[in-house]
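# Remarks on the overall topology
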Amino acid sequence: MQAGIIGLGAMGTGMARNIARSGYLTKLWNRTPDKAHKLAAELGIEAATSIQQLASSIDIIIICVSADNDLLEVINAILPYVKPGCIVIDTSTVSSATALVAADLLASRQIHFLDAPVSGGVEGAKNGTLAMMVGGDNAILDKVKPVLEAMCARIIYMGKTGMGQGTKAVNQIMAAGINQAVTEALAFAQAEGLPLEKVIEVVAGGAAGNWFLDHRGLSMTQQDFQPGFKLGLHHKDLKICQSMAAKNLASLPGVEQTLLDYDELIKEGYADEDISALFRLKQRESSAG
Ligand code: NAP
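Thresholds, definitions, all that
- Residues numbered from 1 in each chain as written.
- Predicted model: local features only at pLDDT ≥ 70, side-chain atom pairs only at ≥ 80, totals over all residues.
- Heavy atoms only, no water.
- Helix = DSSP H or I, 4+ residues; strand = E, 2+ residues; numbered from the N terminus.
- Rg over C-alpha atoms; globule rule 2.2 N^0.38 Å.
- Areas by Shrake-Rupley, 256 points an atom, 1.4 Å probe, with all protein chains shown as cover.
- Lys, Arg positive; Asp, Glu negative; His and termini not counted.
- Charge placed at Lys NZ, Arg CZ, Asp CG, Glu CD.
- Salt bridge = Lys/Arg side-chain N within 4 Å of Asp/Glu carboxyl O.
- Buried < 20%, exposed > 50% of the residue type's maximum accessible area, 1.4 Å probe, protein only.
- Core = buried A, V, L, I, M, F, W, Y, C linked by side-chain atoms within 4.5 Å.
- Near = heavy atom within 4 Å.
- Polar contact = N/O pair within 3.5 Å; in protein donor to acceptor, adjacent residues only side chain to side chain.
- Domains from an automatic or database assignment.
- Patch = residues over 30% accessible without salt bridge, like charges linked within 9 Å, V, L, I, M, F, W, Y side chains within 5 Å.
- Phe/Tyr/Trp six-rings, centres within 6.5 Å; stacked < 30°, edge-to-face > 60°.
- Lys NZ or Arg CZ within 6 Å of the ring centre and 35° of its normal.
- Contact = heavy atoms within 4.5 Å.
- Buried area = accessible area lost by both parts, 1.4 Å probe.
- Nonpolar A, V, L, I, M, F, W, Y, C, P; charged D, E, K, R; others polar.

### Thoughts on the overall build of the protein
- Secondary structure assignment for the protein yields 13 helices and nine strands.
- On C-alpha atoms alone, the protein measures out to a radius of gyration of 20 Å, which is about the 19 Å that the 2.2 N^0.38 rule sets for 289 residues.
- Summed over all atoms, the accessible surface of the protein reaches about 13,300 Å², with 54% contributed by carbon and sulfur.
- With 24 positive and 30 negative side-chain charges, the protein shows a spacing of 5 Å between the two charge centroids.

Listed below in structure tokens is the structure:
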């Protein structure tokens, strides 16, 4: 099995390194070519000269791009070139509806598609410990598991196409609530004049401990908001959750509040910062009045 990857951002780069280590990665491509050439040289594999060249020469294509339109742009660009029988795996976070469109486009040329979003942050991508939630044909997933296991600690088959992305929406709703809770609590601790490092250490060991506090707690209190997970990308995910909920006439108050907060931060120019930049707002709110 020869695999290739399209999209070498914060997540794709770590994924590529781990798949390369397993020996399955033979080609990579990135829209900004510099990143691809640098990584290809580091890994001793080929940077494809074009997205079409990558598409026409491998059996498994892993995609990790930003948003719905980007995924469809990539699918349309590779569609005429991918070999029938090839398996395309999308690890980006997009809507279930977009996953269905991508699957239909590819099926018209006998190409398989799995929607396989991931969770675990850039650390998970780097360490090969991502959690992957997969929609599509389980038999196809079985075929590509050896490749995916190079970058994931947990791979769970969720059901038909779109159910991987549906599950990722659940994850993103939870991540919004956790971001609200951690940033608000640490801003409160700061306003109380508590020793923040000790607060994080002790709270992390108890019932309120969580991944976000472990990985972003200290950095946010030091005003370090390097991504990580860009706030603009989480905003995009929460808009997807909002429209999914609207279809069921359901309400997501935590998501609504987080979208309002992110809108404010994006207006102030913080879209490319980590989602922990929400701490900026909470600090203002904690010290107001
Ligand atoms: P990122 O660092 O911003 O990287 C985005 C990548 O997508 C870049 O390689 C970019 O190419 C490429 N890209 C964007 N639009 C494209 C287009 N139209 N055609 C071709 N390539 C395009 O983002 P990331 O953090 O890696 O996230 C990637 C995906 O994973 C997103 O859907 C995100 O929601 C999801 N995700 C992120 C995290 C996280 O913690 N960061 C965790 C789980 C899931 P250029 O280099 O040319 O810009």
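### A few points about the pattern of salt bridges
- Tallied over the full model, the rule gives 12 salt bridges.
- A salt bridge links Arg 216 to Glu 123; the nearest nitrogen and oxygen atoms lie 2.6 Å apart. One end of the pair, Arg 216, is in helix H10 (residues 211-221); the other, Glu 123, is in helix H6 (residues 121-127), and 93 residues separate them in sequence.
- For Arg 216, a relative accessible area of 8% puts it in the buried group.
- On the basis of relative accessibility, which here comes to 22%, the residue Glu 123 falls in the partly exposed class.
- It is possible to trace a salt-bridge network through shared partners that takes in Glu 184, Asp 261, Lys 282 and Glu 285.

### A closer look at the nonpolar core
- In this structure, Leu 28, Ile 89 and Met 132 are the most contacted members of the largest nonpolar core, which totals 36 residues.
- Of all hydrophobic cores here, the second largest spans 27 residues; its members include Val 199, Cys 241, Leu 265 and Leu 281.

### Quick notes on the site of the ligand
- The ligand sits among 27 residues. The nearest are Asn 30, Thr 32, Lys 35, Ser 66 and Lys 230.
- Interatomic distance of 2.9 Å between a side-chain N/O atom of Arg 31 and an oxygen atom of the ligand.
- Contributions of two or more residues to the shell around the ligand are made by helix H1 (10-22), helix H4 (68-78), H6 and helix H11 (231-247).
- When residues of the shell around the ligand are assigned to domains, at least three fall in each of domain 1 (3-161) and domain 2 (166-288).

### A look at a nonpolar patch on the surface
- Where nonpolar side chains cluster on the molecular surface, the patch consists of Ile 156, Met 158 and Met 163 and spans about 240 Å² of accessible area.
- Within the secondary structure, Met 163 sits in helix H8 (residues 163-191).
- On the accessibility criterion, Met 163 (37% relative accessible area) is partly exposed.

### Details of the packing of aromatic side chains
- In the structure shown here, the tally under the stated rule is zero aromatic pairs.
- Across from the ring centre of Tyr 270, 4.0 Å away, lies the NZ or CZ of Arg 280, which sits over that ring.

### Describing the domain arrangement of the protein
- For the protein, the domain assignment lists domain 1 (3-161) and domain 2 (166-288).
- Between the C-alpha centres of domain 1 and domain 2 the distance comes to 28 Å.
- Opposite the 17 residues of domain 1 that make contact, domain 2 presents 13 residues.
- Approximately 1,100 Å² of surface area, both sides summed, lies buried where domain 1 meets domain 2, with 59% of it carried by carbon and sulfur atoms.
- Per-residue buried area on domain 1 facing domain 2 is highest for Thr 93, Glu 123 and Met 133; these three make up 38% of the total on that side.
- Where domain 1 touches domain 2, the interface holds one salt bridge.
- Elements that contribute at least two residues to the side of domain 1 that touches domain 2 include exactly strand E7 (118-119) and H6.
- Residue classes in the side of domain 1 that touches domain 2 are distributed as eight nonpolar, seven polar and two charged.

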